[in-house]
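Residue-level structural notes
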Amino acid sequence: MHCTFEHPLNERFRTFLRLEHLFEKARYFLPQEHPWATRVAIESLLDIVSITSRADVKNELIKELDRNGATLTRIASQPGVDPDALGRVMGQLERAQSDLMRLTGPIGQTAREDEFLKGIAQRNSIPGGTCSFDLPSFHYWLIQPMEARERRFAAWMQDVAPVETAIRLVLSLARDSARPRRVVAEAGFFQEALNIQAPAQLVRVTLNDGQAVFPEVSGHKSRFSIRFLTPEAGGRPVQSREDVDFTLTCCVF
């Protein structure tokens, strides 16, 4: 059993990871029939809409897909490259980019302009603000048949789905771009310089089950450091005094 922690090394991937987290959360709870699960899915959708309204996610994704395509084109003639596998990935990149460019309006516009969701979003910032007496219309909708809720949610997600697909593809390529290696953090500390000519997108730290520590990562495009901390009941975590053996992956693509 392993546990992997990820840390982005630039703002673009920071946004992508946050959106991936929210998409996974929404997709997990949406198929569950209980109204509490639907509430969580709606809250995740509102967070997705909030992030995509503040950040230029569409253009950032298009740039990243284009950069990935250029990288794959450069390595196409290298020994050991499977042309069929490469062709499939290139096709996925092209389709993802095309689907994003076909979006005529802002990402999440359908959900953002929906009056029903606007009412939920306005009350959602208030602790307990979406209870039944505050939003009876929401309470009524939550007790409708599951099929009706899923249809409405699918309509809200229509102009967000291409973003989800593109983010999954970009992150998958980054994660698979480097081989994991075993390293040791002496007295719970590890640092490493990065090649700025081939910038890393994110760092992945994998621990074995039973290691009673967690990593705190800080870094940027030229260097990163990792402190392994031990949880303390009722107090602040402290840095481990023991050497920590872990698996490190610097995702450069």
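A brief report on the enclosed structure follows. On a predicted model such as this, the values are computed, not experimentally measured, just so you know.

1. Side note on the overall build of the protein chain
A count of helical and extended segments in the protein chain gives nine helices and eight strands. Out of the 253 residues belonging to the protein chain, those deemed buried represent 42%. Long-range contacts, defined here as pairs at least 24 residues apart, represent 75% of the contacts in the protein chain between residues at least 6 apart. When the accessible surface of the protein chain is split by element, carbon and sulfur atoms take 52% of a total near 14,300 Å². Within the protein chain, one finds 31 positive and 32 negative side-chain charges whose respective centroids are separated by 3 Å.

2. Looking at the pairing of strand β3 (residues 189-193)
Burial of β3 is one-sided: the residues Phe 190 and Glu 192 facing one way are buried, the residues Phe 189, Gln 191 and Ala 193 facing the other way are not. As judged from the five bridges shared by β3 and strand β6 (residues 223-232), these two strands associate in the antiparallel manner. When the bridges of β6 are listed, Ala 193 appears paired with Arg 223.

3. Thoughts on helix α8 (residues 146-157)
Every α-helix carries 3.6 residues per turn, so stepping three or four residues along brings you back to the same face. For α8, which comprises twelve residues, the first-to-last C-alpha distance of 16 Å matches the rise-based estimate of 16 Å (1.5 Å per residue) to within 8%. Listed in full, the buried residues belonging to α8 are Met 146, Arg 149, Phe 153, Trp 156 and Met 157. Buried residues of α8, viewed axially, fall in a sector of 95 degrees; they line one side. The inward-facing, buried residues of α8 contact α1 (11-29), α2 (35-54), α5 (109-112), α6 (115-124), α7 (136-142) and α9 (161-175).

4. Section: the pairing of strand β4 (residues 200-208)
For β4, the tally of buried residues reaches seven of nine residues, placing the bulk of the element in the interior. Pairing geometry for strand β1 (residues 2-8) and β4, over seven bridges, is antiparallel. Across the sheet, Cys 3 pairs through a bridge with Leu 207, a residue of β4. The pairing of β4 with strand β8 (residues 244-252) spans six bridges and is classified as antiparallel. Each bridged residue has a counterpart across the sheet, and for Val 205 the counterpart in β8 is Leu 248.

5. A look at the sheet that holds strand β2 (residues 181-185)
Within a sheet, neighbouring strands are paired by backbone hydrogen bonds and run either parallel or antiparallel to one another. Strand order across the open sheet formed by four strands is β1-β4-β8-β2, with antiparallel pairing between neighbours. Lying at the two open borders of the sheet, with one neighbouring strand each, are β1 and β2. Each adjacent strand pair in this sheet contributes to an overall mean axis angle of 35 degrees, direction not counted.

6. Concerning the packing of aromatic side chains
Tallying each qualifying case throughout the model produces eleven aromatic pairs. Pairing Phe 228 with Phe 246 gives two aromatic rings, centres 4.8 Å apart and planes at 55 degrees, and the pair type is tilted. One end of the pair, Phe 228, is in strand β6; the other, Phe 246, is in strand β8, and 18 residues separate them in sequence. For Phe 246, a relative accessible area of 0% corresponds to the buried category. Among the aromatic residues, those joined into a ring-pair cluster are Phe 116, Phe 138, Trp 141, Phe 153 and Trp 156.

7. Remarks on the pattern of salt bridges
One pass over the structure, following the stated rule, counts 16 salt bridges. Across the salt bridge formed by Lys 118 and Glu 115, the nearest N and O atoms sit 3.3 Å from each other. With Lys 118 and Glu 115 both in helix α6, this residue pair falls three residues apart, about one helical turn. Among the ionic contacts, a cluster of salt bridges with common partners joins Glu 6, Glu 20, Arg 175 and Arg 204.

8. With respect to the nonpolar core
The tendency in soluble globular proteins is for nonpolar side chains to be buried side by side. Ranked by internal contacts, the top residues of the largest apolar core, which has 49 residues, are Ile 42, Leu 61, Phe 153 and Trp 156. Going through the elements one at a time, α1, α2, α3 (57-75), α4 (83-101), α6, α7, α8 and α9 are the ones with two or more residues in this core. Ranked by residue count, the leading element in this core is α9, at eight residues. With sequence-adjacent residues up to four places away left out, Phe 153 is seen in contact with Ala 26, Leu 30, Ala 41, Ile 42 and Leu 45. Ranked by size, the runner-up nonpolar core spans 18 residues in total, among them Leu 9, Val 183, Ala 200 and Val 203.

9. Section: the environment of Phe 224
By the element assignment, Phe 224 lies in strand β6. With a relative accessible area of 1%, Phe 224 lands in the buried category. It is 8.4 Å that separates the C-alpha atoms of Phe 224 and Leu 9, two residues lying 215 residues apart in sequence.

Conventions and cut-offs
- Residues numbered from 1 in each chain as written.
- Predicted model: local features only at pLDDT ≥ 70, side-chain atom pairs only at ≥ 80, totals over all residues.
- Heavy atoms only, no water.
- Helix = DSSP H or I, 4+ residues; strand = E, 2+ residues; numbered from the N terminus.
- Buried < 20%, exposed > 50% of the residue type's maximum accessible area, 1.4 Å probe, protein only.
- Contact = heavy atoms within 4.5 Å.
- Areas by Shrake-Rupley, 256 points an atom, 1.4 Å probe, with all protein chains shown as cover.
- Lys, Arg positive; Asp, Glu negative; His and termini not counted.
- Charge placed at Lys NZ, Arg CZ, Asp CG, Glu CD.
- Pairing = 2+ DSSP bridges.
- Expected span 1.5 Å × (residues − 1).
- Arc of directions from axis to C-beta.
- Axes fitted to C-alpha atoms, helices over the stretch in contact; angles between N-to-C directions.
- Phe/Tyr/Trp six-rings, centres within 6.5 Å; stacked < 30°, edge-to-face > 60°.
- Salt bridge = Lys/Arg side-chain N within 4 Å of Asp/Glu carboxyl O.
- Core = buried A, V, L, I, M, F, W, Y, C linked by side-chain atoms within 4.5 Å.

The analysis is restricted to geometry; functional conclusions fall outside its scope.
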